[in-house]
Amino acid sequence: MIRLSPSFRISLGLASIALGVVLLGNMSGLLPDKAAVEIMGRKQAAESMALQCTLAAKKYDIKTLGQLITSLKMMYPEVLSTGLLGTDGKYLFQSPEHPQLWLPTEVTGSTETLWRVPIFEDDKEWATLEICFAPLNGLTLFGYRLSSFALLFSAFFLLCFVIFYLYMARVLRAIDPTSVMPSRVKHAFDTLSEGLILVDDKERIVMANAAIARRLQCKEESLLGMKASRLQWHGSKSFDQSVYFPWQEAIDTGHMIYGFPMAISPDGKEERIFMVNSAPIVDGNGRTQGALTTFDDVTELERKNIQLAETIGQLELSHEKVQLQNVELERLATRDPMTGCFNRRAFFSKAEELFTTAKVQGTKLACVMTDIDKFKLVNDTYGHGVGDQVIKYYAKILQMTLRSDDLLCRYGGEEFCILLPTCDVDAAALVAEKARERIRNQSGIAVEEEPDIYIAGSFGVSSILDGANRLDELIDQADKALYAAKETGRNKVACYEKSMQI
């Protein structure tokens, strides 16, 4: 945006007012029009020549008429050529230069330079007097003649503007607050890194320091007299233009305004962001006369904050990815890849904690060992691919039967180990029996390729109350119960008894 100086704007306004007065005078007929005067003179000359030609025409003396027209031409220097055109379209008389000067025109009447005057005899048109006048005085522009009033209009406007501009420049320098302000004070304001403006109660800028002029990329004097709100302020992320500007609020409320965010793009260039503080200026009677406003340029800080926020966002995203990867790594490290159950290392780590807690607190803890009956026959009959599907199905049924706090481990091959906190041997046996029934009843859907395959499992149950002092003893007791279940017919649940120690 081009900012005009106050002197230029005021001078332009005063010159326009003066020009309006001149235009009004011309419209009222108070100013003479030279062109109109010349045209009136030509009209009188043409009428005089036509009158004398009419008198001569009554005598039918063409020669005398020609001499009369020639003498009349010499009496009026602005007449370039003359001719007398009969009603039959033939010239009765014409001066030597008339054929070259009288050019055909579509206009039937007269113009500023070409005049047609009818000659009558006894109320009957007898001929037409053609008079070619010299062009009216004046300048032409692009083929158009400029009237004397247009020239006067332009010259008057230009002269008034120059005079007003020179005068207003001196007047404004005389009343410029920067000229009456002590130079040391102005110098102190100019050394501030913050931009500073002083506005009156109408928001007009009466002083601006060098810092704000640099930020807005303009001269200090071009800001004087301009409304501060007319600058190219626009909304930053935290600036709402529906509220007052800070200097407006300071003037209206009489209170200090702190930390008001504003942004500006001078002439569409790089955006600058400011934190604005504004303080009201109060006279001796307590009336607010204006506001002193400072502009702290925080553009670089805002950019750094945006970069920091982007970096933090990337770090958070990376952290989330690392956490997901850690969860996946932990799953891979602690889970059996085929069934999703705990592997032996992870199982013993968690089971040792449960066993120790149960021993110390005297709470219940049960262990179940189970495997698939005649699994070797399944592999030999259907192959290892079907065998793997059977193991997955067996683990899935066990997972569906257990609680969330129970531990399920693929102990090896087709064998699984289960640890049940807060369960005694009877409760654990019920869980085992429920799992056994599900496996047997739903075995037909375990393998899609072999819908009639027979799957069954045997279960051995032990409890910490049976006297185990270590975790491996508890598991060994459940394993002995599993062996007893297989020896007595398979597809059943057996609980540990002390007689199984043999």
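Preceding block: the structure.
Residues numbered from 1 in each chain as written. Predicted model: local features only at pLDDT ≥ 70, side-chain atom pairs only at ≥ 80, totals over all residues. Heavy atoms only, no water.

(A) A look at the environment of glutamate 414. With respect to the helices and strands, the residue glutamate 414 is situated in the loop between strand S14 (407–412) and strand S15 (415–421). We classify glutamate 414 as partly exposed; its relative accessible area is 24%. In this structure, the C-alpha to C-alpha distance between glutamate 414 and isoleucine 372, residues 42 residues apart in sequence, is 5.9 Å. The contacts of glutamate 414, once residues within four sequence positions are left out, are Thr370, Asp371, Ile372 and Phe375. (Helix = DSSP H or I, 4+ residues; strand = E, 2+ residues; numbered from the N terminus. Buried < 20%, exposed > 50% of the residue type's maximum accessible area, 1.4 Å probe, protein only. Contact = heavy atoms within 4.5 Å.)

(B) Molecular detail of the sheet that holds strand S3 (residues 114–121). Spatially, S2-S1-S4-S3 is the arrangement adopted by the 4 strands of the open sheet, whose pairing is antiparallel. Of all the strands in the sheet, just strand S2 (91–94) and S3 have a single pairing partner and so form its edges. When strand polarity is set aside, the average angle formed by the axes of neighbouring strands in this sheet is 20°. Across 3 bridges, the pairing between strand S1 (residues 79–86) and S2 is antiparallel. If you follow leucine 84 over to S2, its bridge partner there is phenylalanine 93. (Pairing = 2+ DSSP bridges. Axes fitted to C-alpha atoms, helices over the stretch in contact; angles between N-to-C directions.)

(C) Summary view of the pairing of strand S4 (residues 124–133). Of all 10 residues in S4, 8 are buried; the element is thus mostly enclosed. Pairing of S3 with S4, which is carried by 8 bridges, proceeds in the antiparallel orientation. Paired with leucine 114 across the bridge in S4 is cysteine 132.

(D) Inspection of the state of the cysteines at higher detail. What the rule picks out here adds up to 0 disulfides. Free of any disulfide, cysteine 341 has its nearest neighbouring cysteine sulfur in cysteine 409, separated by 7.8 Å. Under the relative-accessibility criterion, cysteine 341 is labelled buried at 1%. (Disulfide = S-S within 2.5 Å.)

(E) Quick peek at the pattern of salt bridges. Taken as a whole and assessed by the stated rule, the structure comprises 13 salt bridges. Note that lysine 486 and aspartate 371 form a salt bridge whose closest N and O atoms lie 2.6 Å from each other. Linking lysine 486 in helix H16 (residues 471–487) with aspartate 371 in strand S13 (residues 365–372), this pair joins segments that are 115 residues apart in sequence. In this pair, the class of lysine 486 matches that of aspartate 371, namely buried. Residue aspartate 380 pairs with lysine 376 through a salt bridge whose shortest N-O separation is 3.0 Å. With aspartate 380 and lysine 376 both in helix H13 (residues 375–382) and 4 residues apart, the pair spans about one turn of that helix. This pair shows no difference in class: aspartate 380 is exposed, exactly as lysine 376 is. The structure contains a network of salt bridges with shared partners spanning Arg215, Arg272 and Asp297. (Salt bridge = Lys/Arg side-chain N within 4 Å of Asp/Glu carboxyl O.)

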